[in-house]
Each structure stands twice: as C-alpha cells, then as structure tokens.
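Coordinates in review
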Amino acid sequence: MKVLKISIWFLPLLFLICMVSCTEEGFEFPDSEPLITGDMEINALPGANITIEASVTDPAGLKSVSLVYDEWSLSETFSVGESAVEYNVSHNLTVPETAVEGSSHDLKIVAENVNGISKEYTVTISLNQDTGMPVIENKTDVGIAFLQEGVDATLVIDVTDNQSIATFSITGANLSDKVDVNAASYTYTKELNIQVSGVYEFEVMAKDAEGNESSMTVKVAAFEPFEKMYLADVSTDAELVSDLMGVPMLVNGYDAQDSLGKVFEAHYYNAAAGTEIRFLPNKETFSELTLGSGDESGMLSIGSDASVAPIVLNEVGYNKISFDLRDLTYQVEAYTPTDSVYEYTIVMGTGVKVDGESTCINNEDGSDGACWWFGSGKKFTRDENNPYVFYGEMELYDYDPEQSGETGFILGANLSGWSDFWRFDQGENPDATVLNGGSNYNFGENEYGTYDVVFDTHLNRFKMTPKQ
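The present account deals with the structure reproduced in this document. None of the values given here were measured: they were computed from a predicted structure.

**Details of the pattern of salt bridges**
If you walk through the whole model with that rule in mind, you get 13 salt bridges. The network of salt bridges with shared partners includes K228, K283 and D431.

The following block contains the structure:
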C-alpha cells in the first residue's frame, strides 16, 4: 500500500495557486440581501415634524439607501460610503399641511447592496395622532345651592375627546368615583345631599387613550339663605377685624320670599379708579364664603378666601351693584344720589375728640362738661370731591375715670338743634348709621385709640379704622 505524503512546504504554494485562480476567475461577494430594521408605524398630524429612523445592514456592502414617497414629492438618496456594511437612516420630515387628518401614507425605504440586490421597507405614517387633551366642561348649576330636604345640588360634568376617553375620575368630600369610559364623549352626573354649609371642591380628571390628561376643580357652594351680606374693599382677614366699624360694609337685601337671603343690592362710593371689591356673609373672615368676579362678564365666582378675582370698579362715583346668589349674576350701575346734602356733620358724646378737640367742650363759652349736647359737637371735614362724604381723626378715650359706662357718641348735622342726627343700628359692633333713629354707640377700654373716620351720609356708612 502506498502512502501519499505532502511536504509541509507545499501548503503555502497551494494557497498561492488558489488565490491566483480566484483572481483570474473574479471574486464573488457573499450571497446576502439588505436587512432593514426600525419603526414600521408613526403617528402624526398634518403639519407635524417627524423623524424617519431605520438601520440598514448588509455584510456584502451597501450601494445606496433611498427614501421615497411620490405623493409628498419625497425622493431622498443618502450617501452610504464606499461598500459600507451598515447605514443608519435619520431623516427629518414635515408632514404637508394639506394632508388629510385621519389618512394613512406608506413611505418606502429602498436599500441596494453591491450585488445589485434591492430591498424595500414600508414606513406607515398615520395622521391620527391624539395630541389633544380631553375637554372637561362643568354643567353643574353655577348658583349657590340653598340647603333643603333631599337633593341640594346635582353634579353634571361633560367630557369629550377627539379620539377616545379612557378614564374619568372625581374626588371630593365624601365622594370618590372612577369610570372606565372608552368613548369619545361622556357625561357624569351625581346627586348631592349636603348636610353642612360650606364651599365644597371636587377634583375632576379625564385621561384619553393616548395618556393625555385634563383636570378641573368643580366648586359647589351650599348654604342656608344669608341673614346679611357685606361688601369688602379690603383683601385680608386682618383688615376685616382691625376696624372699629364700617369694614366690611353692610349691603341691602330684598324682602320678597323667593329672594330673601339670596338677592342683594350694594350701594358704594368709589373714591378712586381701580378699586377692588368682593362680597361675603361674614364680617370677620373671607374663609366662610367669598364672591368675586367670574370668568364671564356679569358672573360671580365662588371661593373660600380672598384669592377670588375681585370685581374692579373703574369709574369714580356712586355705584349700585346688584347680585343674585341663585344664579351668581351681578350688575354694576353708576348713579347720582338725590338725597339731602349737609353743610357739615358733627360728633356728640363722651370720651371723644375730633381732630384733637373734645366733644365735651362747649362751643359757645369753652366750658368743659357739656358732652351729650349738639352745641358741643365737633365738626368733620367735608370732602372736596363728594358733598356726601366727611372725614376726620377721632380719638376714643376715658373722659372720666371716676365713672364707667359713660363713653359713647352719636352724629349730627346741626349745631343749633337735634335734627338731623344719626345713631346706629346697634349699640355695639354696628353695621350702619340710622338717620333720626337707632341707638347710641357705646365703647369701652378695648376700643380706646385714634382712628381715621369717613362718614358717608348718603350710604349711612360710618367707617373707623386705626390711625396708621
């Protein structure tokens, strides 16, 4: 038996022969085709800027990569480099504004390798992207709910979306609901039986199928009809309680059964353009209920603090502001008073000084002790711009430390007689003056101090605020 033996020196020669043979016959590239990977679908809207991204590979080497869509006159060929085996497409594209929302468009990525083998990849542009937020609309009765037996108020909230609402939720006092909707529109209703007066807030949220969220705070005010309402031209609780009287200002109500405690009318002198006012039922705090200007003209908004947008009075002069709490509407009208104008007004009483002059000093002979007498009354200064307004500085003090319960005062307009005069609607903590009637105002040690005073004889508003 013969054994074939090949010397090891022959192997390099054999390899060289093979290489020469391959060169003479032509090199053959690997048998392959371009492979394209990337996002197959893109959601957008007409006019949107989008980016087409894909990765193209071929071990044989790439000859060209193109992006084509005739309808949008798109024809882009990218330079891939000489026989590159990989190319990453990243092309920014603006969807034509004229494209129809809801339509679908197939763009082609075409790759050709060095062997002349081509491959197409379809990128579908669907113009149905949901970028719009759900729209929440509060259809709940905007008026104050006046407490009664049974249902006091009904929440009614509409939600719409340009595609589909996924979920609706609402949370608030003793209420927590979540609803799977899966529709383009939805209406939520809920009857409320409210036991305690107050302003109730409900947080509403709607989410669509794409995860877009909208929210809204819905307020429901529920109260018994109000015994009184006040106009505040200040904006803090501290200012409400720092005055001796007159802040906030009492407004008028209506006596008819259907409007009692629900419809009011304020008369107010606006001394400067841009004055901000709000309405409230509590003399000492904004936190029980505050009414201000709503988003729509002639509508009130509800809040539980002074952050409620104010009603702004831009015209100097007297205004009548009518407001109806049943539907939260209001109206402002300028007017000119027609009642009597006084030459002067005075203060009479014990323990009072006006601009440094005691009301116990007799104006005729200068003697001391004639306190509760018109002849010792001390005048306020008349306003140059408004004949109904008088102002001054008043000091309240203990006139006779040996006696108690003797300090107090009334107002007048006659140094020669008792008429006309004003007292107050109540002897302590008064809201308004009463022409030719009412009660003396009595004060004690807690009220001692110096005050700035404004007296409006038309409004019967006597405002005393601490001297700054």
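**Here's the deal with the pairing of strand 12 (residues 175-192)**
In this structure, strand 11 (residues 153-172) lies alongside strand 12, joined through 15 bridges in antiparallel fashion. Its bridge partner being in strand 12, L155 is matched across the sheet by K190. Following strand 11, the chain reverses through two residues before pairing antiparallel with strand 12; N174 in that reversal takes a positive phi of roughly 55°.

**Here's the deal with the sheet that holds strand 17 (residues 252-253)**
Taking strand neighbours across the sheet as the criterion, the four strands line up as 17-18-23-24 in an open arrangement whose pairing is antiparallel. Of all strands in the sheet, those with a lone pairing partner are strand 17 and strand 24 (329-335), marking the two edges. By the bridge criterion, eight bridges tie strand 18 (residues 263-270) to strand 23 (residues 317-324) in an arrangement that is antiparallel. Each residue of the ladder has a partner; that of N270, found in strand 23, is G317.

**Description of the pairing of strand 8 (residues 118-126)**
Judged from the three bridges that link them, strand 2 (residues 41-43) and strand 8 form a sheet pairing that is parallel. When the sheet's bridge partners are listed, I42 is paired in strand 8 with I125. In this structure, strand 7 (residues 104-113) lies alongside strand 8, joined through nine bridges in antiparallel fashion. Residue pairing in the sheet places I109 in a bridge with Y121 of strand 8. With antiparallel pairing between neighbouring strands as the criterion, strand 7 and strand 8 make up a hairpin whose turn holds four residues, including G116 at a positive phi of roughly 80°.

Here is what the cut-offs are and how they apply
Residues numbered from 1 in each chain as written. Predicted model: local features only at pLDDT ≥ 70, side-chain atom pairs only at ≥ 80, totals over all residues. Heavy atoms only, no water. Salt bridge = Lys/Arg side-chain N within 4 Å of Asp/Glu carboxyl O. Pairing = 2+ DSSP bridges. Helix = DSSP H or I, 4+ residues; strand = E, 2+ residues; numbered from the N terminus.

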